[in-house]
Amino acid sequence: MATQTIAVAGKGGVGKTTICGILIDQLIQEKKGPILVVDADANSNLNEVLGVEVETTLGAIREDMAQAELRGTIPTGVSKQDYAEMKFSDALVEEDNFDMLVMGRTQGKGCYCYVNGVLKSLMDKYVPNYRYVVVDNEAGMEHISRGTLPHVDVMLLVSDCSRRGIQAVARIAEMVRELKLQPGVMKLIVNRAPGGQLNAGVAEEIEKHGLDLLGVLPQDEVVYEYDCEGKPSSQIPEDSAVKVALHNLLKELNI
């Protein structure tokens, strides 16, 4: 089974994580599992969009591992690799329809070369067990750029419907090229467009930066209402405007 990795990236506040959640919900509804969900955004909240409780992150575990190695407190008779795998399993949230990992961020100082290498080897081991890996990234794409996460097959860049938003996502696209990440497909989604229509000035900005527009999603008050009520926004009704529009866009990518 070939694993397809889909990464969603964009600056904060553009609805990137909600789009990521709706994408995951679509894969679940179409029974395209097994699915591994990876929250690689330092401001982690994909679990809230999906309605999932998360107790720890790989960043916290990475810190614990580094400190245990430094202090020599890894249990006697347990190899460092086995210890890392045991700790890693603590971070894997297993739901009925998907598994989830939250990468988090390490706050400590020092060398993490060993534990980063362990995390990469564990990801390499786990990823082939899934049909899809869906990654919600921060704008800097730290975990992908340093090789902790696998090669990206589909990169979806998300912007709001503004010139500044397009300029920001163009910088992310340039970073993708500079890092030589070479995703199989890289497309732009413009979110929260009034009436689902692209403003002419925004369209001009997209063309100026050579971005490949997949499509436009409308502003949808249902998403706002779900957020205000503390409901998982990935579970908005199937006939909601943004969900219908996004499903149609994803069909074009054969996702």
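If you're wondering where the values come from, they're calculated on a predicted model, not measured in any experiment.

**Q** Kindly report on the sheet that holds strand β3 (residues 93-94), identifying the contributing residues and their values.
**A** Pairing within the open sheet is mixed, and its 8 strands lie in the order β3-β4-β2-β5-β1-β6-β7-β8. Both edges of this open sheet fall to β3 and β8 (213-218), since each of them pairs with a single strand only. Bridge count between β3 and strand β4 (residues 99-102): 2 bridges; the pairing is antiparallel. Paired with Glu 94 across the bridge in β4 is Asp 99. Lying over the sheet, helix α7 (residues 163-178) contacts β1 (4-9), β6 (154-160) and β7 (185-193), oriented at roughly 155 degrees with respect to β6.

**Q** I'd love a proper account of the pairing of β8, names of residues and values included.
**A** Bridging between β7 and β8 involves 4 bridges; their strand directions are parallel. Its bridge partner lying in β8, Leu 188 is registered against Leu 213. In this region the chain leaves β7, passes through helix α8 (residues 200-208) and returns to the parallel neighbour β8; the handedness of that crossover is right-handed.

**Q** Summarise the nonpolar core; cite the residues concerned and give the values.
**A** Leu 36 and Val 38 are the most contacted members of the largest nonpolar core, which has 42 residues in total. Counting residues in hydrophobic clusters, the runner-up holds 38 residues, among them Val 8, Leu 27, Leu 50 and Val 223.

**Q** Quick rundown of the environment of Asp 136? Include the residues and the values.
**A** Mapped onto the secondary structure, Asp 136 falls in strand β5 (residues 132-137). Distance from Asp 136 to Lys 120, taken between C-alpha atoms, is 17 Å for residues 16 residues apart in sequence. Beyond its immediate chain neighbours, meaning those up to four positions away, Asp 136 contacts Val 8, Lys 16, Thr 17, Cys 20, Val 38, Asp 39, Ala 40, Asp 41 and Leu 46. Side-chain polar atoms of Asp 136 contact the side chain of Lys 16, separated by 2.8 Å.

**Q** Could you give an account of the pattern of salt bridges, naming the residues involved and the relevant values?
**A** Throughout the structure, instances matching the rule amount to 11 salt bridges. When the shortest N-O distance is used, the salt bridge between Arg 177 and Glu 174 registers 3.3 Å. Taken together, the residues span about one helical turn, with Arg 177 and Glu 174 both in helix α7 at a distance of 3 residues. Taking the relative accessible area as the measure of exposure, Glu 174 reaches 35% and is therefore partly exposed. For Lys 231, the salt bridge is made with Glu 229, and the minimal N-O distance between the two is 3.0 Å. Look at Lys 231 and you get partly exposed, because its relative accessible area is 38%.

About the thresholds
Residues numbered from 1 in each chain as written. Predicted model: local features only at pLDDT ≥ 70, side-chain atom pairs only at ≥ 80, totals over all residues. Heavy atoms only, no water. Pairing = 2+ DSSP bridges. Helix = DSSP H or I, 4+ residues; strand = E, 2+ residues; numbered from the N terminus. Contact = heavy atoms within 4.5 Å. Axes fitted to C-alpha atoms, helices over the stretch in contact; angles between N-to-C directions. Right-handed = clockwise from strand over helix to strand, strands pointing away. Core = buried A, V, L, I, M, F, W, Y, C linked by side-chain atoms within 4.5 Å. Buried < 20%, exposed > 50% of the residue type's maximum accessible area, 1.4 Å probe, protein only. Polar contact = N/O pair within 3.5 Å; in protein donor to acceptor, adjacent residues only side chain to side chain. Salt bridge = Lys/Arg side-chain N within 4 Å of Asp/Glu carboxyl O.

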